[in-house]
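Understanding the architecture of this molecule
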Amino acid sequence: SSTDCDAIGSNSEGSVTVALDGIWRSFYFIALFQVLCLFVYTPLLATEADNFSQVQMRQERRSGSVSTWRILWFYGPRLMGTAGNWYDRFLTLNLPLVLQS
């Protein structure tokens, strides 16, 4: 069972590399065409959603109005509750160990 190494399609994969070059180039062309259509479509035909303009207007209204005091006023009770719960858990779990030593 000898093979003719000079015959067309007798490479290691058993395929004709010249034909595969054309196939891969056509795949690249199809993908490139789709990407170019996307780049052309987006700026020319796409419009902004109403939500986007509403969010931008809200951000412009709120710019510069957030202070540290307002953040602490909102999150302070939540932080104190979480810290108190952790402290309570720490004492509940570790107090017997501390008293033994």
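Model, not experiment: these values are computed from the prediction.

Quick word on the overall build of the protein
Secondary structure summary: the protein contains three helices and zero strands in total. Split into buried and exposed, the 101 residues of the protein put 1% on the buried side. If you sum the accessible surface of the protein, you get close to 9,900 Å²; carbon and sulfur atoms cover 65% of it.

Looking at the packing of aromatic side chains
Summed over all chains, the structure comprises three aromatic pairs. Between the aromatic rings of Trp24 and Phe27, the centroid separation amounts to 5.7 Å while the plane-to-plane angle is 75°, which identifies the pairing as edge-to-face. You can see Trp24 and its partner Phe27 sitting in helix α1 (residues 17-45), three residues apart, about one turn around the helix. According to the relative accessible area criterion, Phe27 is partly exposed, its value standing at 45%. The interplanar angle of 40° and the centroid separation of 5.8 Å between the aromatic rings of Trp69 and Trp73 together place this pair among those described as tilted. Residue Trp69 and its partner Trp73 are located together in helix α3 (residues 68-100), separated by four residues, close to a single helical turn. Here Trp69 falls in the exposed class, since its relative accessible area comes to 59%.

Some words on helix α2 (residues 50-62)
A rise of 1.5 Å per residue sets the reference length of α2, with its 13 residues, at 18 Å; its end C-alpha atoms lie 19 Å apart and thus fit the reference within 8%. Judged by how many residues are buried, α2 sits mostly at the surface: zero of 13 residues are covered. Phi turns positive, to about 80°, at Gly64, one or two residues after α2.

Structural notes on the confidence of the model for the protein
Chain-level pLDDT for the protein is 79 on average; 78% of the residues reach the 70-or-more range. Confidence scores differ between elements of the protein, with α3 showing the lowest mean pLDDT of 83 and α1 the highest of 85.

Observations regarding a positive patch on the surface
Where like charges cluster on the molecular surface, the positive patch consists of Arg58, Arg61, Arg62 and Arg70. Looking at the positive patch element by element, the count peaks at three residues for α2.

Calculation criteria
Residues numbered from 1 in each chain as written. Predicted model: local features only at pLDDT ≥ 70, side-chain atom pairs only at ≥ 80, totals over all residues. Heavy atoms only, no water. Helix = DSSP H or I, 4+ residues; strand = E, 2+ residues; numbered from the N terminus. Buried < 20%, exposed > 50% of the residue type's maximum accessible area, 1.4 Å probe, protein only. Areas by Shrake-Rupley, 256 points an atom, 1.4 Å probe, with all protein chains shown as cover. Phe/Tyr/Trp six-rings, centres within 6.5 Å; stacked < 30°, edge-to-face > 60°. Expected span 1.5 Å × (residues − 1). pLDDT = per-residue confidence, 0-100. Patch = residues over 30% accessible without salt bridge, like charges linked within 9 Å, V, L, I, M, F, W, Y side chains within 5 Å. Salt bridge = Lys/Arg side-chain N within 4 Å of Asp/Glu carboxyl O. Lys, Arg positive; Asp, Glu negative; His and termini not counted. Charge placed at Lys NZ, Arg CZ, Asp CG, Glu CD.

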